[in-house]
Amino acid sequence: MLSKNQIKRITSLQQKKYRNEYQLFIAEGIKVIQELFQSQYIAEHFYTTNPDLSISAAPIPEIIAESDLKKISCLKTPNDCLAVFRMPKPKPINLNGLVVCLDDVRDPGNLGTIIRLCDWFGVEQLVCSPETADVYNPKVIQATMGSISRVNLVYTDLNKFLENSILPVYGAFMEGENVYESTLPEKAILVLGNEANGISKSVESKISSKISIPRFGQLQKTESLNVATASAILLSEFRRNFSEK
């Protein structure tokens with residue numbers, strides 16, 4: 001049985017200020033937790049309602065009641081396990097390859113999906129503006145499905161980062177060059193913007209090549225694509241271009 005103090009501490013991790021204060025975050029579900037246990041992440045606590053649960057590389061869990069799990073879970077329908085992990089120390093950005101930059105992407109689901117896409121397409125470096133959603137938000141962790149363990153995510157001033165970069169900088173715009181007709185390099189930076197406003201003017205000034213995903217519908221009335229959907233298409237094109245060389 002969890003104490004009131006334990007419940008209070010764990011539920012406080014749903015808020016960014018307490019995650020930062022304690023340097024801890026929550027993960028839920030067997031798939032996500034197992035991926036984190038098999039990575040560099042270190043667990044502080046591991047709880048489950050299932051005494052027969054077996055997860056490789058996991059410490060011995062503390063068995064708790066379903067009522068307690070519901071109190072500490074972020075989900076409407078909790079899984080049968082929850083773990084609290086320490087935040088790792090930030091790693092330097094490696095520019096030897098394709099790098100994705102997010103300019104003020106606010107939706108946790110979008111961020112989590114983009115992290116998963118980076119993992120799928122072999123992008124190991126994800127650079128985010130300080131205003132981008134918090135990677136340790138439980139919704140982000142859930143959406144990554146464990147891919148957070150294989151993608152190095154760094155928050156920094158994008159203007160300064162892009163100014164100092166030696167790689168060509170591509171940005172996703174509605175009015176850019178048709179990505180299907182573009183020659184894309186193996187080593188580059190791809191910038192994706194805010195869900196409502198796109199890439200900010202200050203970051204836009206640092207972009208050397210604007211690319212776009214053309215609309216094929218007859219009426220041409222769709223205003224834009226979801227940023228995660230656009231990420232999938234653009235990352236696929238970057239990889240296809242290089243693989244065909």
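Residues numbered from 1 in each chain as written. Predicted model: local features only at pLDDT ≥ 70, side-chain atom pairs only at ≥ 80, totals over all residues. Heavy atoms only, no water.

1. Section: the sheet that holds strand β2 (residues 43-48)
The condition that has to hold: A pair of strands is treated as paired once DSSP finds two or more bridges between them. Strands here are runs of E lasting at least two residues and helices are runs of H or I lasting at least four, both read from the DSSP assignment and numbered beginning at the N terminus. It only takes one pair of heavy atoms within 4.5 Å for two residues to be counted as in contact. Structural elements are reduced to axes, namely lines fitted to C-alpha atoms, with helices fitted over the stretch in contact, and the angle between N-to-C directions of any two is expressed from 0 to 180 degrees.
Reading across the sheet, the four strands line up as β1-β4-β2-β3 and stay open at both edges, with mixed pairing between neighbours. Each edge of the open sheet is held by one strand with a lone partner, namely β1 (24-28) and β3 (62-63). In the packing of helix α3 (residues 30-37) onto the sheet, contacts are made with β1, β2 and β4 (81-86), and the angle to β4 comes to roughly 35 degrees.

2. Quick look at the packing of aromatic side chains
So the rule is basically this: Pairing of aromatic rings covers Phe, Tyr and Trp, the last counted by its six-membered ring, and requires centre-to-centre distances within 6.5 Å; plane angles under 30 degrees mean stacked, over 60 mean edge-to-face, and any other angle means tilted. Residue burial is assigned from relative accessible area. The probe radius is 1.4 Å, only protein chains are included, and a residue is buried under 20% of its type maximum, exposed over 50%, and partly exposed in between. In our convention, an over-ring charge means Lys NZ or Arg CZ found within 6 Å of a ring centre and within 35 degrees of that ring's normal.
Across all of its chains, the model carries eight aromatic pairs by this definition. A ring pair is formed by Phe37 and Phe85, whose centres lie 5.3 Å apart and whose planes are at 55 degrees; its orientation type is tilted. With Phe37 in helix α3 and Phe85 in strand β4, the pair connects residues that are 48 residues apart, well separated along the chain. Each member of the pair, Phe37 as well as Phe85, is classed as buried. Here the aromatic rings of Tyr180 and Phe216 are separated by 6.3 Å at their centres, their planes lie at 35 degrees, and the arrangement is tilted. In this pair, Tyr180 sits in the loop between β8 (169-178) and β9 (188-192) while Phe216 sits in the loop between β10 (209-212) and α9 (227-243), placing the two residues 36 residues apart along the sequence. Residue class for Phe216 comes out exposed when judged on its relative accessible area of 68%. Of the aromatic side chains, those joined through ring pairs into one cluster are Phe25, Phe37, Tyr41, Phe46, Phe85 and Tyr136. Its end group placed over the ring of Tyr22, Arg9 keeps NZ or CZ at 4.2 Å from the ring centre. Lying across the ring of Phe173, Lys210 places its NZ or CZ 4.7 Å from the centre.

3. Concerning unusual backbone geometry
Unlike most non-glycine residues, Asp104 shows phi in positive territory, near 65 degrees. Among the structural elements, Asp104 can be located in the loop between β5 (98-102) and α5 (108-120). Look at Met145: it is not a glycine, yet its phi comes out positive at around 55 degrees. With respect to the helices and strands, the residue Met145 is situated in the loop between α6 (138-144) and β7 (152-155). Met145 sits in the partly exposed class, given a relative accessible area of 28%.

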